[in-house]
Protein chains: 2
Amino acid sequence: MAATGVEAAFRMLEGRWKMVIIFHLFDRAVLRFSELERAIPGVSQKMLIQQLRDLERDGIVERVVYPQVPPKVEYRLTPWGQAMCPALDALLEWAAHRPPPKAGPAPCAD
Amino acid sequence: MAATGVEAAFRMLEGRWKMVIIFHLFDRAVLRFSELERAIPGVSQKMLIQQLRDLERDGIVERVVYPQVPPKVEYRLTPWGQAMCPALDALLEWAAHRPPPKAGPAPCAD
DNA sequence: CGGGATCCAGGACGATACTG
DNA sequence: CAGTATCGTCCTGGATCCCG
């Protein structure tokens, strides 16, 4: 199995806010910086920008700048970014099947 | 979309060595501590133990201790841990479809 | 409005030595 | 062999201030 490929993919998605950003972009498709900032309470501008840059550099999100007097920047998922939906879905499915962490004491194993 | 579920799943798999460990356990099924240590060059015992504990606490790997004079501990994936194979596969598939980061200058967009 | 720069705290990671 | 304890380093994430 190609561990390296999955590892690389994981490294891209690691980061405190990347998933949140991605899910917001799955939901709304196109969002401005300030909209993301408002949609994600608790994130600092620095982190938002940083994670956004990472995602952009990795080809997951796309950044569109409108050269206007009040600056306007839009963020959206690239086609490849959208393509990770089934992978996220599979992961979600897996997470949903998590068995309870066996709280009760084993009745037969002393 | 349930961002929280995927986020939680991701947090479990974050960590410099967890993926490596998991893939080794996918490959060999059962491994002793020293075998993992040898199979993963560059990892310190501390990190190996730490990541192993995390994976164990999250119900992904199982730890079997043999009460012998030379201590013997085996690690293997739990059924749930093995169940994440399709998710990893989907992620790998997604990673494989990554388009090249557009190196050439756009010929039509000046 | 969007984003860069700087400073700072905390946790992840790593090397080493020691124990049962 | 398997694991713990301690220490140090680096990187991540956060607050604040500054710029076009």
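Described in the following lines is the structure provided in the data block. (Residues numbered from 1 in each chain as written. Chains lettered and ligands numbered in written order. Predicted model: local features only at pLDDT ≥ 70, side-chain atom pairs only at ≥ 80, totals over all residues. Heavy atoms only, no water.)

A few words on the interface of chain A and chain B. Across the boundary between the two partners, chain A contributes 35 residues, which contact 35 residues of chain B. Carbon and sulfur atoms supply 81% of the area buried between chain A and chain B, which totals about 3,400 Å² over both sides. Elements with a contribution of two residues or more to the side of chain A that touches chain B: α1 (3-13), α2 (18-28) and α6 (85-96) of chain A. Of the residues assigned to the side of chain A that touches chain B, the class counts are 26 nonpolar, three polar and six charged. (Contact = heavy atoms within 4.5 Å. Buried area = accessible area lost by both parts, 1.4 Å probe. Helix = DSSP H or I, 4+ residues; strand = E, 2+ residues; numbered from the N terminus. Nonpolar A, V, L, I, M, F, W, Y, C, P; charged D, E, K, R; others polar.)

Turning our eyes to something else, we now look at the side chain of Thr78(B). All names here are of chain B. Among the secondary structure elements, Thr78 is positioned in the loop between β3 (72-77) and α5 (79-82). When its relative accessible area of 12% is taken as the criterion, Thr78 is described as buried. A polar contact is formed between the side chain of Thr78 and the backbone oxygen of Gly59, at a distance of 2.7 Å. Contacts of Thr78, omitting those with residues within four sequence positions, involve Gly59, Ile60, Val61 and Glu62. (Buried < 20%, exposed > 50% of the residue type's maximum accessible area, 1.4 Å probe, protein only. Polar contact = N/O pair within 3.5 Å; in protein donor to acceptor, adjacent residues only side chain to side chain.)

Residues and elements named next belong to chain A. Closest axis-to-axis distance for the α2/helix α4 (residues 45-57) pair is 10 Å, and the angle between their directions is 70°. Relative to α4, the element α2 lies roughly perpendicular. Side by side, α2 and α4 meet where Lys18, Ile21 and Ile22 of the first sit next to Leu48, Gln51, Leu52, Asp54 and Leu55 of the second. Residue composition of the contact of α2 with α4, grouped by class: five nonpolar, one polar and two charged. (Axes fitted to C-alpha atoms, helices over the stretch in contact; angles between N-to-C directions. Parallel < 35°, antiparallel > 145°, perpendicular 65-115°, else oblique.)

Below, the discussion takes up the sheet that holds strand β2 (residues 61-66) of chain B. Residues and elements named next belong to chain B. Pairing is antiparallel across the open sheet formed by three strands, whose spatial order is β1-β3-β2. Each edge of the open sheet carries a strand with a single partner, namely β1 (30-32) and β2. Across this sheet, the average inter-strand angle for adjacent strands is 25°, counted without regard to direction. With three bridges connecting them, β1 and β3 associate as antiparallel partners. Along β3, the bridge assignment pairs Leu31 with Tyr75. Strands in contact with helix α2 (residues 18-28) are β1, β2 and β3; relative to β3, the strand with the most contacts, it is inclined by about 90°. Relative to the sheet, helix α4 (residues 45-57) contacts β2 and β3, its axis offset from that of β2 by approximately 110°. (Pairing = 2+ DSSP bridges.)

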